[in-house]
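# Structural description and commentary
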Amino acid sequence: MYRPQKGGIHPREAANHHAEHVVPLIEDALRQSGLGMGAIDVIAFSQGPGLGPCLRTVATAARAISISTSKPLIGVNHCVAHLEIGRMKRAVEDPVMLYASGGNTQVIAYAKPRYRVFGETMDIGVGNMLDKFGIMAGLGFYAGPVIEKLAREGRELIELPYSVKGMDVSFSGILTAAKQHLKNGCSLQDLCFSLQETVFSMLTEVTERAVAQAEKNEIVLAGGVARNRRLSQMVHEMAAERGAGVFEPPFEYLVDNGVMIAWNGLLAHLSGQRMNIEETTINQKYRTDQVIVTWR
Ligand code: FE2
């Protein structure tokens, strides 16, 4: 996995990392599974959303394999793939998904023939906000786990903007306020505690409303931020009050993973979807509700 030396993710460096690792990674996967290329039915890759250089690198690799092996090629929506692997791994039928990661924050549920975005961030992803705060507070990159630990020692709730607008959320104002509090000498533990309480309450509120509106009784979690035990606890409490179930896929399927792309590609392929090579260009802003779901 790509981990920046310092600061945040640099798109070109991340793309170089992907280019360096893609061939050995595929060789490794084939070796571990004991399968040859002959056993592969379809080549799936993430078509978006995401960082352009990274998506482009992997799409090029996927096209090259598809052409050289004459196997069909299928582009997958990253966010929808999270939901599908959640359904597969926890055997849920028709959940509302709270997808909270660095780059994405969405509440998604199925309403034929698409996955609809019930609520989402208007600016940055919740994980991105936590990471930016972490960089400023000197906690290193991927600050989420450190913030979670410090939050357990927090005692006082500092007021931060609670930004829920309709079904959407925003985090940049909260980040600015938290940075200001830090500059003013506020306790880091209290700030981490308050950040978590505020933004996780927002996410839980929007998820609850989506569950009610869409009339679902299952919730599935996805994304790196969903590893946070406090967020999980809040969602569990809300779900228990509503009589809904919460399903958390095993760690390796909760965060970004290749299996979810492969699985979603297979679902699409088996339902008859085919793509010409011209249709496999990446889309950095590929929206969840642009996908026509042919496999449900
Ligand atoms: Fe993701």
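What you are looking at is a predicted structure, and each value in this text was computed from that prediction instead of being measured.

Residue Pro-49 is reached from Gly-48 by a cis peptide bond, and omega for that bond is 0°. Its location among the elements puts Pro-49 in the loop between strand S1 (43-48) and helix H2 (52-69). Here the bond from Lys-112 into Pro-113 is cis, since omega is 5°, no more than 30 degrees from zero. Here Pro-113 is to be found in the loop between strand S4 (105-111) and strand S5 (114-120). With a phi angle near 60°, Tyr-142 is a residue other than glycine that sits in the positive phi range. Relative to the assigned elements, Tyr-142 resides in the loop between helix H4 (126-136) and helix H5 (144-151). One non-glycine residue, Glu-215, lies in the positive phi region at around 55°.

It is worth spelling out H4 at this point. Buried within H4 we find Val-126, Gly-127, Met-129, Leu-130, Asp-131, Phe-133 and Gly-134. Contacts made by the buried residues of H4 are with strand S3 (96-100), S4, H5, helix H6 (172-183) and helix H7 (188-214). Trailing H4 by a residue or two, Gly-138 shows a phi angle of about 75°, which is positive.

Here we take up the coordination of the iron ion. Donor atoms from the polypeptide that coordinate the iron ion comprise His-78 (NE2), His-82 (NE2), Tyr-99 (OH) and Asp-256 (OD), at 2.0 to 2.3 Å from the metal. Its four donor atoms give the iron ion angles of 87 to 177° at the centre, a pattern that matches the irregular case. Each donor residue of the iron ion belongs to the same chain, and together they define the spacing H-x3-H-x16-Y-x156-D. One end of the pair, His-78, is in helix H3 (residues 78-90); the other, Asp-256, is in the loop between helix H9 (251-254) and helix H10 (258-270), and 178 residues separate them in sequence. Note on His-78: relative accessible area 11%, which makes it buried. Using a relative accessible area of 52% as the deciding quantity, one classes Asp-256 as exposed.

Before going further, it helps to examine the domain arrangement of the protein. You'll often see interface size given as the accessible area lost when the parts meet. Split by domain assignment, the protein resolves into domain 1 (11-80 + 255-290) and domain 2 (93-253). Relative to domain 2, the C-alpha centre of domain 1 lies at a distance of 28 Å. Between domain 1 and domain 2, the residue contacts involve twelve residues of the former and 14 residues of the latter. Where domain 1 abuts domain 2, roughly 1,100 Å² becomes buried across the two surfaces, and 54% of that area is made up of carbon and sulfur atoms. Seen at the junction of domain 1 and domain 2, the total is one salt bridge.

Conventions we followed
- Residues numbered from 1 in each chain as written.
- Predicted model: local features only at pLDDT ≥ 70, side-chain atom pairs only at ≥ 80, totals over all residues.
- Heavy atoms only, no water.
- Helix = DSSP H or I, 4+ residues; strand = E, 2+ residues; numbered from the N terminus.
- Buried < 20%, exposed > 50% of the residue type's maximum accessible area, 1.4 Å probe, protein only.
- Contact = heavy atoms within 4.5 Å.
- Donors = N, O, S within 2.8 Å, 3.2 Å for Na, K, Ca; no water.
- Tetrahedral: all angles 85-135°; square planar, octahedral: opposite > 155°, others 65-115°.
- Domains from an automatic or database assignment.
- Buried area = accessible area lost by both parts, 1.4 Å probe.
- Salt bridge = Lys/Arg side-chain N within 4 Å of Asp/Glu carboxyl O.

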